[in-house]
Amino acid sequence: MINTIFLSAAALLAALTAAIHVFAGGPRVVRPLLAIDTDPQIKWLSYLMWHLGTVTTLFIAAGFATAIILPARLDYAWIAMLGAASFVAVAVFVVIKSGLSVRRIPVIPMFSLVTLLGALGILL
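Structure report, in brief. (Residues numbered from 1 in each chain as written. Predicted model: local features only at pLDDT ≥ 70, side-chain atom pairs only at ≥ 80, totals over all residues. Heavy atoms only, no water.)

What follows is about the side chain of K43. Looking at where K43 falls in the secondary structure, it is placed in helix α2 (residues 40–69). Among buried Asp, Glu, Lys and Arg side chains, K43 stands out as unpaired, with D37 the closest opposite charge at 5.9 Å. Within polar-contact distance, the side chain of K43 engages the backbone oxygen of L34 at 3.1 Å. When neighbours within four sequence positions are excluded, K43 is seen to be in contact with L33, L34, I36 and T38. (Helix = DSSP H or I, 4+ residues; strand = E, 2+ residues; numbered from the N terminus. Buried < 20%, exposed > 50% of the residue type's maximum accessible area, 1.4 Å probe, protein only. Lys, Arg positive; Asp, Glu negative; His and termini not counted. Salt bridge = Lys/Arg side-chain N within 4 Å of Asp/Glu carboxyl O. Polar contact = N/O pair within 3.5 Å; in protein donor to acceptor, adjacent residues only side chain to side chain. Contact = heavy atoms within 4.5 Å.)

On to the pattern of salt bridges, then. Counted by the stated rule, this structure contains 1 salt bridge. R73 is the partner of D75 in a salt bridge, and the nearest nitrogen-oxygen pair spans 2.4 Å. You can call R73 partly exposed: its relative accessible area is 33%.

Our next topic: the packing of helix α3 (residues 74–98) against helix α4 (residues 107–123). Geometry of a packed helix pair, given as the angle between the helix axes and the separation of the axes. The interhelical angle for the contact between α3 and α4, taken along N-to-C directions, is 150 degrees, at an axis separation of 9 Å. Considering the angle they form, α3 stands roughly antiparallel to α4. Crossing of α3 over α4 shows left-handed handedness. Here α3 contributes L74, A77, W78, M81, A84, A85, F87, V88, A91, V92 and V95 to the contact with α4, which in turn contributes V107, I108, F111, S112, V114, T115, G118, A119, I122 and L123. Here the contact of α3 with α4 is composed, by residue class, of 18 nonpolar, 3 polar and no charged. (Axes fitted to C-alpha atoms, helices over the stretch in contact; angles between N-to-C directions. Parallel < 35°, antiparallel > 145°, perpendicular 65-115°, else oblique. Left-handed = near helix turned anticlockwise from the far one by under 90°. Nonpolar A, V, L, I, M, F, W, Y, C, P; charged D, E, K, R; others polar.)

Taken together, L45, L48, M49 and L52 make up a surface patch of nonpolar side chains, about 360 Å² in accessible area. Checked against the element boundaries, L52 lands in helix α2. Judged by its relative accessible area of 41%, L52 is partly exposed. (Patch = residues over 30% accessible without salt bridge, like charges linked within 9 Å, V, L, I, M, F, W, Y side chains within 5 Å. Areas by Shrake-Rupley, 256 points an atom, 1.4 Å probe, with all protein chains shown as cover.)

Turning next to the nonpolar core. L7, I60, F64, A77, F111 and V114 are the most contacted members of the largest nonpolar core, which has 19 residues in total. Of all the elements in the fold, those that place two or more residues in this core are α1 (4–35), α2, α3 and α4. Beyond its immediate sequence surroundings of up to four residues, A77 is in contact with L7, G63, F64, A67 and I122. (Core = buried A, V, L, I, M, F, W, Y, C linked by side-chain atoms within 4.5 Å.)

Before going further, it helps to examine α2. In this model α2 runs 43 Å from its N-terminal to its C-terminal C-alpha over 30 residues, within 8% of the 44 Å that 1.5 Å per residue would give. Looking at the buried positions of α2, the neighbouring elements they touch are α1, α3 and α4. A side-chain oxygen of the first residue of α2 lies 2.9 Å from the backbone nitrogen of Q41; this N-cap is D39. (Expected span 1.5 Å × (residues − 1).)

Let us now look at the packing of aromatic side chains. Pairs of aromatic rings are described using the distance from one ring centre to the other and the angle between the two planes. In this structure the tally under the stated criterion is 2 aromatic pairs. Residues W44 and Y47 carry aromatic rings whose centres are separated by 5.2 Å and whose planes lie at 80 degrees to one another, so their mutual orientation is edge-to-face. Linking W44 with Y47, this pair stays in helix α2, spanning 3 residues, or about one helical turn. W44 gets classed as partly exposed once you look at its relative accessible area, which sits at 46%. (Phe/Tyr/Trp six-rings, centres within 6.5 Å; stacked < 30°, edge-to-face > 60°.)

Structure below.
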């Protein structure tokens, strides 16, 4: 049994998160990153990781959307939900390790909500 309203909300929020990541975060984070004079390996690995985050977020949205279209593929929603939850777990680890404020890591509130909506969509 799935709740398509919650799964739709999870898919849309994940897609919105990807759009914010690209169109707001790109100019604010990627351009300055590429402009700094640092070890090229660090710079370009960070650039790669930025884009892997974008692609992964789109796959999370697609997992929820696929489970709505093909209810027999509820496993896709589970994978998407667990992927979103893993983003939160890694972000919390980074906050603890770095001492940064949770407010400086937008992954935590965005993907916590995606995880919650996905879980409600799967379980209700």
